[in-house]
Amino acid sequence: MALTTSNPIQIHKLPQHTYIDALRWLPHLSTFTRHILLATYDSDTSTPSLQTLTFSPSQNTPTLTPQASISAPSRITSLKVSPSPFTPSKPLIAAAIFSGSVLFYSADLINGSLNFEYSVPEEGFHSGPVSGIDLNENGSECVSVGEDGKVNLVSLGDKGGFRRVFDSNGLVSYSSVKWASPVEFVTGGFGFGLHWWDQRKGGGPVALFKGNWTGGNASGIVHSIDIHPSRKHTCLAGGSSGTVFAWDIRSPKQPLILSGFGANDVPANSLVESDIWEIQYDNYTHSSKISNPTSSRVLPAMICSEDGILGVIEQGEEPIELLAEPCAINSFDIDRQNPSDVMCSLEWESIAILSRP
Amino acid sequence: MPGVTLDSGEINSLAVVPHSSDAQSPRVYPLRHRLAPPLARISISWARGNSLRVSLLQSDDVVSEQNHGGEVVEVKLSNVEGGEISDAQWRRIAYGSVTPFALLQSQKNAIDTLRYEKDWWEHVMDFSKEINSLLGNSKSSVSPTIEDPKSVFKEVEQPSSLKAAWELMEIFYADKESQTWIPERLLDWLADFDCLFSGTQPTVHAKLVTFQKELVTIQAVENDPEYWEAMSAALAVGWLDVVVKLLRLHGSYLLDQLGSREIENGLVEAVAVLISQMPRLRPDLSAEKFGVCYKTKPEFMKAWEKWRAQITKLDCSAFWLQCDHQQTRSGLKNMLQVMLGNASSLSTVTYHWLELYISHFLYIRPFTVGLESMYSLAQKCMHLKPISSHHKLMGLIIGILEENTEVVLAECSRSFGPWMITHAIELLTAGSTQAEMLLHEQQSKIGGICIEELHRLTYAQILSSHALTWNIAPIYLTSCMKQGLGLLENLLYKQPVQHHQVLVKSIEICRLNGLDFVSYDMMKIAGVHYWKHGKKGLAVFWLQQARDEVRLNRIAKHLFDFVGKSLSDESFKQWEGMIELLGTESNTAGGLEFLKKYRDFRRSLQQVQEGITTDTAFKAAEALIALMRNPSTPQQFWLPLLHDSLKLLNWQERPLLNVSHTNLLLNKLQELSLARLRPGFVDAELPPEALKSVRLALATNLGRAILED
């Protein structure tokens, strides 16, 4: 279902029979077949499950063929993938679930199977849903946050063991988390709040940030955050009212607002008015204005939103709209090895795959 | 009403069986549970949508540590119809129809500005085509590169009767362009959907499918009477391409026989040419179909007369006598009779009244226009071929032909469900003024709403009952003038607030529809929910969003009990996150604003402890006065605050508080002493001499301040 001939982006919509809670590209094995991972929820049978599918790209009719499927104990709230350093055909999958646990799987892409490895026991881990997880670069540690205000570190070395980093006793809730360095991570939460954590310093977060630029209007929630591996001091956050802002730990009181609706001091050309569900740095959109790596400009970022927009936002530039749907786009993923390809999950039980020229 | 069967006490056979007055065999839904027999009680209630909640309770004496004594299971009742269309497909249709429906409604609202660009029916046609494309493709576009000569009839995926019904509505109500050639539209329609009738009665389609299967094994087709029967039948309903293809399979075309059967072959070919040149009263035909199209009646009339003359001429030709193959001769003659419109021939080669009806249009009355004459012809055909079994599409066609809007509505809603009726109403109102009046008239017996609104509301209710489609129901509800918004509020209030994503989506729907008060209410519900579940930060956030100062003040009272009241208390650190959350907007924090002031005071006091200048100490003293003066400062904090500030009260260089300030503090102390006598007062955990030392410090300060003045 390509748009028009003048639009060189190829868009393919592939209806599924289930609701898609999250989706990720899996590492490539060859150039011709690629694999994707879906966290689905079948409402007819009320079963949440995890599926790997083979994606065969083709000009006219790309196809998705189911490869392996495994049912999950409850709905998946957050999904992360880490390539396995020794066996590239067996990536590691971490899935946070609604009932308060994190499950680890390994996918065997050659034999087409999905294997459950182990899970963190629900007792004492999180009470209530785990809202966000992130795997660190080498896939050895997984940080998890929840609405209950607990921050836990799961070490993948000892199976199922975890360490409590912090417990706010419900005074603060977290919605998302992202590693900044092997010892630092950032959590996002309510009131446009971001917390910077450093494992070398015990106790609470080392820096706090609260966005209050909405000029007395209602505040919002950070739904998703991202940190670029080459600029670990800057955290990019997306949330309510189409708000995207960058927070530099070196100047913690001055956030840079890239987009937002209804706020006073934001660029007028906002792409999105409603909640931004996910944000990721977009390595594919090259910025002509950022020539030296030390430039303080924020790199281009891709967002997806409740009002059905998938787009790219860049500081000081007109936002680019890649896809506009009549329903919400709940999540997306940029293929790390081939960043021209993006896929996103639509509220109406389908996924869209875009390949940019 | 569903009932439960318990036969012979065997627990594994426990199941729900719906009773129905129809003679259909009951459907059995097995219950999956892990309880050991015996069960003491079973209760059944409706859960969300079309699922039942079955509570299984055991008797008290089996309840133990491992055995909870009961279980609640949900039973999903599947489509009563058995399902030509699966639930997932229905949802896909529902999703896909949202955009065309919303677009049509907005065009309807902007009709005055659009009037000069396009006729209204053209907008409706765009809508109808969009919807039709959702219901599946009727023709398979991919054809094999090497065509099998014996494959005369392409087997395509069976279309749904829903699509057939939609196309019927489109032909008769929406498409004004094809009004002059409705018979030909019906012919195309029957070619696509005749297979739907095959299940309940013999049809031309079924005949051809059977013959197609036999064809592979037959040596000389022309000797088989089935061959001739199949061809006459296909010819009668106008599937000319099939007939021509079949004719060319005639044995006389074989190279080795061409010499000996020259005349026979000539006759076969003559008929094939005549068939392929049949005049058709329609603007165009697809490439693989046969016939010559004429757009205007006079042109068609001329061609038709000429064509008929050619057939008559062939019929009287002398060559027939020289044809020795008896089957070929009689078979071809019979086909000529069909083409000449011999009523009895048509009646024998067709199977049900619709096929006969089409053949009458083609060969006897090609100029039939107007529903009235079409209906009388239909009645005639039904008289010749009575309906043996009722088919839902037949009911719909008859309703349309007899121009009875009530029947059409009833058939749509009964046979094809609420989705169909909700969307088909758009076609009906565009096509007939009588229908429009009926549908838009306000009916007092259904609460003053019109029938159109009633059906939309029903459909929206069905959408609302499913967890994946509830968020498209607002599109339909907002198109309902009278009851829509009320039901939308209901729907939003019913959404579970514990799912954070659902809450955010609901609030977005409120924003789009200007229902701010509903979203504030939902935020309040969410706030209270999270407060109850110990997620204090989330509770404060949502209550702050809802600007609910009353509840914020109330929970503030509870929260302060947990706040460390002494400067030396390290646990105060954990409140930092919450204080950050409160932000700077003082108007929405309610009583919680105290927390922020208290934190600032603690900070300045800590600086004083570290021994810095009189200036900072003076500022700390000012903060203390501000805190003590503020009515939102809870009483249980008064004494700890003053006790922590002893250093300020006894400041060496000069008194930091003037007379009136000191008096204020003394009054507060007095008030506190009185309050302590009341029951229920919780004393701060302070050394017993705390009150005394504060009082002494204040008295000293007062003396010094008086001297200073």
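Preceding this paragraph is the structure being described.
Predicted model, so just to flag it, every value in this text is computed and none were measured.

A. Highlighting the overall build of chain A. A tally of regular secondary structure across chain A gives 0 helices and 28 strands. A compact globule built from 357 residues would reach a C-alpha radius of gyration of about 21 Å, and chain A, at 19 Å, matches this within 12%. Viewed in the frame of its principal axes, chain A has a C-alpha envelope of about 55 × 50 × 40 Å. A burial count over chain A gives 62% of its 357 residues as buried. As presented, chain A carries roughly 13,600 Å² of accessible surface, and 52% of it is formed by carbon and sulfur atoms.

B. Seen up close, the pairing of strand β5 (residues 51-57) of chain B. Residue and element names in this part refer to chain B. Counting buried residues in β5 gives 5 out of 7 residues, a clear majority hidden from the surface. Here strand β4 (residues 41-46) pairs with β5 via 6 bridges, running antiparallel. For Ile-42, the partnering residue across the bridge sits in β5 and is Leu-56. Between β4 and β5, which pair antiparallel and follow one another directly, the connecting turn spans 4 residues, one of which, Gly-49, has a positive phi of 65°. Sheet analysis places β5 next to strand β6 (residues 70-76), joined by 7 bridges and oriented antiparallel. Within β6, the residue paired with Leu-57 across the bridge is Gly-70.

C. Spotlight on the packing of helix α29 (residues 614-629) of chain B against helix α32 (residues 659-677) of chain B. Residue and element names in this part refer to chain B. Packing of α29 against α32 leaves a shortest axis separation of 11 Å and a crossing angle of 45°. The pairing of α29 with α32 is recorded here as oblique in orientation. The element α29 and its partner α32 pack so that their crossing is left-handed. Along its contact with α29, which presents Leu-624, Ile-625, Met-628 and Arg-629, the element α32 presents His-661, Leu-664, Leu-665 and Lys-668.

D. Structural context of the nonpolar core. Core analysis: the largest hydrophobic core is formed by 170 residues, its most contacted members being Leu310(A), Met169(B), Trp189(B), Trp353(B) and Tyr357(B). Element by element, the count of residues in this core is highest for helix α18 (residues 405-431) of chain B, at 12 residues. Leaving out residues up to four positions away in the same chain, Met169(B) has contacts with Ala174(B), Leu396(B), Ile400(B), Val408(B), Cys412(B), Met420(B), Ala424(B), Leu427(B) and Leu428(B). With 58 residues, the next largest nonpolar core counts Val540(B), Tyr598(B), Ala620(B) and Leu665(B) among its residues.

E. Expanded view of a nonpolar patch on the surface. Taken together, the side chains of Tyr493(B), Phe517(B) and Ile525(B) make up a nonpolar region of the molecular surface, amounting to roughly 270 Å² of accessible area. Along the chain, Ile525(B) falls in helix α24 (residues 516-532).

F. Geometry of the interface of chain A and chain B. Listed by partner, the interface residues are 45 residues for chain A and 42 residues for chain B. Of the roughly 3,800 Å² buried between chain A and chain B on both sides combined, carbon and sulfur atoms contribute 55%. At the boundary of chain A with chain B, the tally comes to 5 salt bridges. Where Arg91(B) meets Glu349(A), a salt bridge forms, and the shortest distance between an N and an O atom there is 2.6 Å. Summed over the shared surface of chain A and chain B, the result is 13 residue pairs in polar contact (both at pLDDT 80 or more). In terms of residue count, strand β17 (residues 207-210) of chain A provides more of the side of chain A that touches chain B than any other element does, 3 residues in total. When the residues that make up the side of chain A that touches chain B are grouped by side-chain class, the tally is 16 nonpolar, 20 polar and 9 charged.

Calculation rules
Residues numbered from 1 in each chain as written. Chains lettered and ligands numbered in written order. Predicted model: local features only at pLDDT ≥ 70, side-chain atom pairs only at ≥ 80, totals over all residues. Heavy atoms only, no water. Helix = DSSP H or I, 4+ residues; strand = E, 2+ residues; numbered from the N terminus. Rg over C-alpha atoms; globule rule 2.2 N^0.38 Å. Buried < 20%, exposed > 50% of the residue type's maximum accessible area, 1.4 Å probe, protein only. Areas by Shrake-Rupley, 256 points an atom, 1.4 Å probe, with all protein chains shown as cover. Pairing = 2+ DSSP bridges. Axes fitted to C-alpha atoms, helices over the stretch in contact; angles between N-to-C directions. Parallel < 35°, antiparallel > 145°, perpendicular 65-115°, else oblique. Left-handed = near helix turned anticlockwise from the far one by under 90°. Contact = heavy atoms within 4.5 Å. Core = buried A, V, L, I, M, F, W, Y, C linked by side-chain atoms within 4.5 Å. Patch = residues over 30% accessible without salt bridge, like charges linked within 9 Å, V, L, I, M, F, W, Y side chains within 5 Å. Salt bridge = Lys/Arg side-chain N within 4 Å of Asp/Glu carboxyl O. Buried area = accessible area lost by both parts, 1.4 Å probe. Polar contact = N/O pair within 3.5 Å; in protein donor to acceptor, adjacent residues only side chain to side chain. Nonpolar A, V, L, I, M, F, W, Y, C, P; charged D, E, K, R; others polar.

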